[in-house]
Structure formats: structure tokens, C-alpha cells
Amino acid sequence: MPQAIPDIFIIQDRERYRKVVNTANPHLAGLPTGHIHTDELKKIGSGGSFVQKDREYTVLACDIHDYVMHAVNRQTQILYPKDAAYILYRMDITPGMQAGEAGTGSAALTVAMSRAVGSAGRIYTYEEDPRLDKLIKKNLKPLDYLGNVVRHEQSLEHGIIERNLDAFFLDVREPQDVLGRVWQALKPGGHLGILLPTANQVSDALRALQTVPFFLLDVMEIFHRSYKPNAERLRPRDRMVAHTAYLIFARALAPLRADSVQETA
């Protein structure tokens with residue numbers, strides 16, 4: 001399985017210039033100092049470099065981080081890599097798993113989960129907004145070789161088709177309204193993840209989780225601060241993303257068996 005996103009390269013220099021180039025269709029890619037043909041980029045290959053008008057450029061195969069942050073087209077707020085990476089880790093999204101999500105949005109998390117489960121797994125993604133259809137198709141196209149994404153153009157209010165899923169992630173405005181349906185779709189012990197932008201939404205979700213058979217694990221947010229890569233004057237960058245989202249994690253519980261209830265004296 002390819003380790004990088006097929007056909008897509010990142011061209012960058014030492015001054016933080018970065019350009020995403022899709023080489024699937026031959027063309028001239030514009031740079032601040034001129035042009036380079038995509039066929040030439042393929043010859044240079046990942047890790048190679050070239051000089052144009054005294055300016056040196058490095059060519060790198062596009063990894064999942066660069067694809068999500070710099071190549072994915074977006075009409076909705078995407079899920080940042082710092083959150084996506086922890087979600088994959090915390091929800092144990094690994095090769096061969098069957099996982100669901102709603103809503104698809106711009107498909108940033110869909111891309112990450114698709115790569116994580118591989119060709120042996122499946123990602124079932126739900127999005128009710130038909131205006132996002134073309135955008136989702138475009139952003140998922142470079143991963144068509146995996147053949148593991150099943151799309152549903154509907155709201156979870158109309159139900160979840162799949163059953164016995166290993167994990168389900170919710171990025172919807174009111175997750176409390178669909179927790180029962182998600183629980184039905186998960187296998188006992190299955191992972192639930194929820195993303196919410198505001199604290200009052202988290203409170204609403206926590207109240208709802210008390211009414212559905214889930215074991216609450218954690219409520220958190222993740223901070224990421226980058227540093228200027230200067231060995232002589234190491235310091236944080238002047239700007240940082242202060243807040244992206246709150247994350248909730250839980251596990252689905254099996255229905256309580258009647259014969260498991262013990263009477264106390």
C-alpha cells in the first residue's frame with residue numbers, strides 16, 4: 001500500500017513557501033520563479049530538490065498531514081491533524097476495522113480514517129447536505145485505490161444502516177439526538193467519539209450520555225504550539241490556534257442481563 005498520497009507532491013523552500021501539485025494529469029506548475037512540468041517533478045521524486053533562478057526547492061511526496069492541511073478543499077471547518085491523530089489513537093482505528101462517522105463535512109477525518117483502516121477495513125460516512133457532494137468526491141478521490149469508503153447522503157435521524165461497528169465518530173451539531181442510534185450500530189465495547197466546538201454543547205452531550213448505555217472515558221481539548229526552527233533563537237511562533245474543538249470519548253456497553261443482577265442482603 002502506498003505510504004504517501006498517490007500522484008501528489010509538495011514543493012517547498014526554506015522560506016516557508018509551499019505548493020501542492022497533483023501530477024495525475026501532466027501540466028506546468030507555477031512557482032514564484034517560473035514553472036516546472038509535472039513530468040519533471042516525477043523524475044526528481046520525493047526527497048529530491050531543484051534550483052530555479054538561484055532559489056532552491058525541495059520536492060516531497062504528500063503525506064496525510066500535508067494533504068489534509070494544504071490539499072483538501074474545504075467548505076466546512078476541517079478537523080485539525082492534532083485532533084485527528086489523537087482520535088485515531090484513542091478510538092483504536094487500525095487496519096481492518098469497520099468504523100462510521102457523521103457528518104462527512106469536507107472529509108478531512110474520512111481521509112485519515114480511510115488510510116488508517118486500509119483496504120481490509122471500511123469507513124461508513126454520513127452527510128445530509130447535498131451541496132457537499134462534489135467537494136467530498138474530490139477530496140476522497142486520491143484514496144480511491146483503497147476502495148474502503150461507503151458514503152450515505154442522509155442524516156442519522158433517518159437511522160444508521162450498519163451494525164456491529166468497531167467505532168463511530170460524531171461531528172454534528174446536536175449529537176445528543178442520535179446517541180441511541182449510534183449505540184445500536186456499535187458492537188459492545190465499541191468506541192464513540194464526539195467533536196463539539198462550544199462548552200454548552202459538551203454539557204448537553206454529557207447529560208444525554210447518562211441516558212444511553214455508554215461508559216464515559218474523557219472530555220478534553222488538545223493544544224498544539226509550534227516553534228520557530230532557529231537553533232540560535234529557539235522560541236514559539238508568534239501565532240497559534242487557540243481552540244479547535246472539545247472531544248468526548250466513550251465506550252458502548254452491552255445491555256444489562258437480567259440474570260447478572262445480584263440481590264443484596
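Look above for the structure.
Here we summarise the structure given alongside this text. Everything numeric in this text was worked out from a predicted model, so none of it was measured. (Residues numbered from 1 in each chain as written. Predicted model: local features only at pLDDT ≥ 70, side-chain atom pairs only at ≥ 80, totals over all residues. Heavy atoms only, no water.)

Considerations on the overall build of the protein chain
A tally of helices and strands in the protein chain yields 7 helices and 15 strands. The principal-axis extents of the C-alpha atoms in the protein chain amount to approximately 85 × 45 × 30 Å. Relative to its 265 residues, the protein chain shows a buried fraction of 43%. Per element, the accessible surface of the protein chain, about 15000 Å² overall, is 49% carbon and sulfur. The protein chain carries 32 positive and 31 negative side-chain charges, and their two centres are separated by 5 Å. (Helix = DSSP H or I, 4+ residues; strand = E, 2+ residues; numbered from the N terminus. Buried < 20%, exposed > 50% of the residue type's maximum accessible area, 1.4 Å probe, protein only. Areas by Shrake-Rupley, 256 points an atom, 1.4 Å probe, with all protein chains shown as cover. Lys, Arg positive; Asp, Glu negative; His and termini not counted. Charge placed at Lys NZ, Arg CZ, Asp CG, Glu CD.)

Quick word on the sheet that holds strand 10 (residues 165–170)
Ordered by their spatial adjacency, 7 strands build an open sheet running 9-8-7-10-11-15-12, and the pairing between neighbours is mixed. Both edges of this open sheet fall to strand 9 (149–152) and strand 12 (214–220), since each of them pairs with a single strand only. The sheet shows a mean angle of 15° between the axes of neighbouring strands, direction not considered. Packing of helix 3 (residues 81–90) onto the sheet brings it into contact with strand 10, strand 11 (186–196), strand 12 and strand 15 (246–252), and relative to strand 15 it is tilted by some 15°. Packing of helix 4 (residues 108–117) onto the sheet brings it into contact with strand 7 (98–102), strand 8 (122–126), strand 9 and strand 10, and relative to strand 8 it is tilted by some 165°. (Pairing = 2+ DSSP bridges. Axes fitted to C-alpha atoms, helices over the stretch in contact; angles between N-to-C directions. Contact = heavy atoms within 4.5 Å.)

Regarding the side chain of Glu127
Locating Glu127 in the fold gives a position in the loop between strand 8 and helix 5 (133–140). One buried charged residue, Glu127, remains without a salt bridge, the closest side chain of opposite sign being Arg131 at 7.9 Å. Polar contacts involving the side chain of Glu127 include one to the main-chain amide nitrogen of Gly105, which spans 2.9 Å. The residues contacting Glu127, other than those within four sequence positions of it, are Gly103, Thr104, Gly105, Leu132, Ile136, His152, Glu153 and Gln154. (Salt bridge = Lys/Arg side-chain N within 4 Å of Asp/Glu carboxyl O. Polar contact = N/O pair within 3.5 Å; in protein donor to acceptor, adjacent residues only side chain to side chain.)

Quick word on the pairing of strand 3 (residues 28–31)
Burial along strand 3 is one-sided: the residues Ala29 and Leu31 are buried and none of Leu28 and Gly30 is. With 4 bridges joining them, strand 3 and strand 4 (residues 34–37) adopt antiparallel strand pairing. Directly across from Gly30, in strand 4, lies its bridge partner His35. The hairpin turn running from strand 3 into strand 4, its antiparallel successor, is 2 residues long.

Some details on a negative patch on the surface
Residues Glu128, Glu157, Glu174 and Asp177 make up a contiguous surface patch of negative charge. For Glu157, the position within the fold is in the loop between strand 9 and strand 10. On the accessibility criterion, Glu157 (53% relative accessible area) is exposed. (Patch = residues over 30% accessible without salt bridge, like charges linked within 9 Å, V, L, I, M, F, W, Y side chains within 5 Å.)

A few points about helix 2 (residues 64–71)
Every buried residue of helix 2 is accounted for by Asp66, Tyr67, Val68 and Ala71. The N-cap of helix 2, judged by a side-chain oxygen 3.2 Å from the amide nitrogen of His65 a few residues on, is Asp63.

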